[in-house]
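Analysis of the macromolecular model
Here is how the chains run, residue by residue.
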Amino acid sequence: MKTIIYPGSFDPITCGHFDLIQRAAKMTDSLIVAVLHNSNKKSYFSMQERVEMIKKCTENIPNVTVDSSEGLLVDYINRKGGKVILRGLRAVSDFEYELQYAMLNQRLDKSIEAIYLMTSSEYSFLSSSMVREIGSLGGDISGMVPDAICSYVKERLMQENNKDK
């Protein structure tokens, strides 16, 4: 059984992330969406909230599981028995970062490969940070996050914004 691991912070999951999950799930026996802790980013949603949101979005995709980890990605991949990382590319600017990320992971474990999917054009502008900014300011984020979690994300972002005042 082939396993692909799609790591990310997913803070929150966007329609772009979900599109990649749906497409990648068709390419493998098992897709693990791994919510990772990124110490370089301030998380708006707890790791458990992010896991639950992704589970809700993917509940009808039988070969997708959702998990979380706080350690090195290569250690997580080895624990899960996968050797392939899925990453999405929105624009040329993503490529430089992703190339460095792939080379670093290969330095840590030469058996790990990275595959890339181009984001569908309708989501090429989209990022979790943009969703957080628009949503926390009361903007319409429908069509930016999956419908299954849109109202929850909007409400939580507004709560965060009100706490800061």
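The sections below set out a description of the structure shown in this document. What you see is a predicted model; the values in this text were computed from it and never measured. (Residues numbered from 1 in each chain as written. Predicted model: local features only at pLDDT ≥ 70, side-chain atom pairs only at ≥ 80, totals over all residues. Heavy atoms only, no water.)

Re the side chain of Ser69
Here Ser69 is to be found in strand β3 (residues 64–69). At 3.4 Å, the side chain of Ser69 forms a polar contact with the backbone nitrogen of Gly71. (Helix = DSSP H or I, 4+ residues; strand = E, 2+ residues; numbered from the N terminus. Polar contact = N/O pair within 3.5 Å; in protein donor to acceptor, adjacent residues only side chain to side chain.)

Focus: the nonpolar core
By size, the foremost hydrophobic cluster in this structure holds 34 residues, and its most contacted members are Ile13, Ile21, Leu31, Val131 and Val153. Mapped by element, the contributors of at least two residues to this core are β1 (3–8), α1 (15–25), β2 (30–36), α2 (47–58), β3 and α6 (150–163). In contact with Val131, not counting residues within four places along its chain, are Pro12, Thr14, Leu126, Ile141, Met144, Val145, Val153 and Leu157. Membership of the second largest hydrophobic core comes to ten residues, among which are Ile5, Ala34, Leu73 and Ile112. (Core = buried A, V, L, I, M, F, W, Y, C linked by side-chain atoms within 4.5 Å. Buried < 20%, exposed > 50% of the residue type's maximum accessible area, 1.4 Å probe, protein only. Contact = heavy atoms within 4.5 Å.)

Some thoughts on the side chain of Asp19
Along the polypeptide, Asp19 turns up in helix α1. The residues touching Asp19, leaving out its near neighbours within four places in the chain, are Ser120 and Tyr123.

Examining helix α5 (residues 128–136)
Listing the buried residues of α5 in full gives Ser128, Val131, Arg132, Gly135 and Ser136. Summarising the axial view, the buried residues of α5 lie within an arc of 115°, below the 170-degree limit, and thus occupy one face. Positioned one or two residues after α5, Gly138 has a phi angle of 85°, which is positive. (Arc of directions from axis to C-beta.)

Topic: the pattern of salt bridges
Within this structure, the stated rule accounts for seven salt bridges. The closest approach of N and O atoms between Arg90 and Asp94, which form a salt bridge, is 3.1 Å. Classification of Arg90 by relative accessible area gives partly exposed; the value is 36%. With relative accessibility at 14%, the residue Asp94 sits in the buried group. (Salt bridge = Lys/Arg side-chain N within 4 Å of Asp/Glu carboxyl O.)

Focus on the sheet that holds β1
Reading across from one edge, β3-β2-β1-β4-β5 is the order of the five strands in this open sheet, with parallel pairing throughout. Every other strand in the sheet has two partners, leaving β3 and β5 (113–118) as the edge strands with one partner each. Here the average twist between neighbouring strands, direction ignored, is 30°. Packed on one face of the sheet, helix α3 (residues 73–80) meets β1, β2, β3 and β4 (84–89) and runs near 135° to β3. (Pairing = 2+ DSSP bridges. Axes fitted to C-alpha atoms, helices over the stretch in contact; angles between N-to-C directions.)

As for the packing of aromatic side chains
The geometry of an aromatic ring pair comes down to the distance between the two centres and the angle between the two planes. Taken as a whole, this structure holds two aromatic pairs when the rule is applied. Relative to Phe10, the ring of Tyr6 lies with its centre 5.2 Å away and its plane at 85°, an arrangement referred to as edge-to-face. Ring geometry for Tyr97 and Tyr101: centres 5.8 Å apart, planes at 20°, overall stacked. Taken together, the residues Tyr97 and Tyr101, both in helix α4 (residues 92–108) and four residues apart, mark about one turn of the helix. Since its relative accessible area comes to 45%, Tyr97 is described here as partly exposed. (Phe/Tyr/Trp six-rings, centres within 6.5 Å; stacked < 30°, edge-to-face > 60°.)

Quick look at unusual backbone geometry
Among all residues except glycine, the phi angle is most often negative; among peptide bonds, the trans geometry is most common. Along the chain, Asp11 connects to Pro12 via a cis peptide bond; the corresponding omega equals 5°. The topology assignment puts Pro12 in the loop between β1 and α1. Unusually for a residue other than glycine, Phe10 sits at a positive phi of about 50°. Positionally, Phe10 belongs in the loop between β1 and α1. Owing to a relative accessible area of 2%, Phe10 belongs among the buried residues under this scheme.

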